[in-house]
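# Architecture at a glance
What follows is each chain in one-letter form.
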Amino acid sequence: MKYMMMTVPHSGTRYVKTAFERAGLRAIHSYRQIGIDRASPDLIWWHASLKHWDRGMKSIAKETPKKFVVVRDPSMTWCTFMIGQMTAKDKDFHMGVKMEALEEHWISQDKILKEDNWHIHRVELDTFEDLGNWAGMELPAHANKFSRGSYALKQAVLDRDEDK
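Here is what the cut-offs are and how they apply
- Residues numbered from 1 in each chain as written.
- Predicted model: local features only at pLDDT ≥ 70, side-chain atom pairs only at ≥ 80, totals over all residues.
- Heavy atoms only, no water.
- Axes fitted to C-alpha atoms, helices over the stretch in contact; angles between N-to-C directions.
- Helix = DSSP H or I, 4+ residues; strand = E, 2+ residues; numbered from the N terminus.
- Parallel < 35°, antiparallel > 145°, perpendicular 65-115°, else oblique.
- Left-handed = near helix turned anticlockwise from the far one by under 90°.
- Contact = heavy atoms within 4.5 Å.
- Nonpolar A, V, L, I, M, F, W, Y, C, P; charged D, E, K, R; others polar.
- Buried < 20%, exposed > 50% of the residue type's maximum accessible area, 1.4 Å probe, protein only.
- Salt bridge = Lys/Arg side-chain N within 4 Å of Asp/Glu carboxyl O.

## With respect to the packing of helix α1 (residues 13-22) against helix α6 (residues 128-135)
In contact at an axis separation of 12 Å, α1 and α6 are set at 60° when each is read in the N-to-C sense. When the axes of α1 and α6 are compared, the pair comes out oblique. In the packing of α1 onto α6, the handedness of the crossing is right-handed. Two secondary-structure elements touch here, α1 through Y15, V16, A19 and F20 and α6 through F128, L131 and A135. Across the contact of α1 with α6, the residue classes break down as seven nonpolar, no polar and no charged.

## So, unusual backbone geometry
Positive phi values are uncommon outside glycine, yet H10 reaches one of about 65°. Among the secondary structure elements, H10 is positioned in the loop between β1 (3-7) and α1. The class for H10 is partly exposed, based on a relative accessible area of 27%. In the Ramachandran plot, R160 falls in the positive-phi region, its phi being about 55° despite a non-glycine side chain. With respect to the element layout, R160 can be found in the segment after α7 (152-159).

## Examining the pattern of salt bridges
Pairing between side chains of opposite charge can happen when their charged atoms approach one another. Under the definition given, this model contains seven salt bridges. Between R160 and D73 there is a salt bridge, and its shortest N-O distance comes to 3.5 Å. Here the residue R160 occupies a position in the segment after α7, and D73 occupies one in the loop between β4 (66-71) and α4 (74-86), the gap between them amounting to 87 residues. Its relative accessible area of 56% is what places R160 among the exposed residues. A relative accessible area of 24% means that D73 is categorised as partly exposed. Residue D126 pairs with R122 through a salt bridge whose shortest N-O separation is 2.7 Å. The exposure class of R122 is partly exposed, given its relative accessible area of 40%.

Now the structure itself:
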């Protein structure tokens with residue numbers, strides 16, 4: 001395995017993973033060495049979690065030559081995460097509980113970044129050409145951002161309108 005991508009949910013994970021796949025690489029989501037050994041991927045991606053970091057991802061990261069983290073405007077990450085949770089028809093949906101789950105990923109990501117050296121790819125500011133230059137390969141640009149389209153909460157966040 002040559003590349004490891006750490007993310008938080010709704011930060012552009014599939015968008016970036018797809019660029020690597022379109023470049024001909026095999027990408028998988030895994031938290032365990034056994035899954036990596038079975039699949040023999042070029043890229044492994046995972047959501048930041050201290051539990052998974054301490055239980056194996058840290059040692060896998062040490063063996064991975066190129067590690068990067070995908071980040072996105074936190075308010076937009078929160079927005080699409082919350083819309084995804086609300087539209088999942090979760091009868092026990094509680095916004096505070098769901099927000100704590102997302103916050104846990106951010107806290108984990110922050111601690112891991114302080115402990116280990118990662119390249120940072122900002123999906124809204126950096127291009128696939130930038131990431132490809134760092135990765136040592138050409139990453140084909142694509143328009144599939146896996147967006148949920150336009151909706152009221154997203155527009156309110158973009159407008160920075162707390163009342164909406």
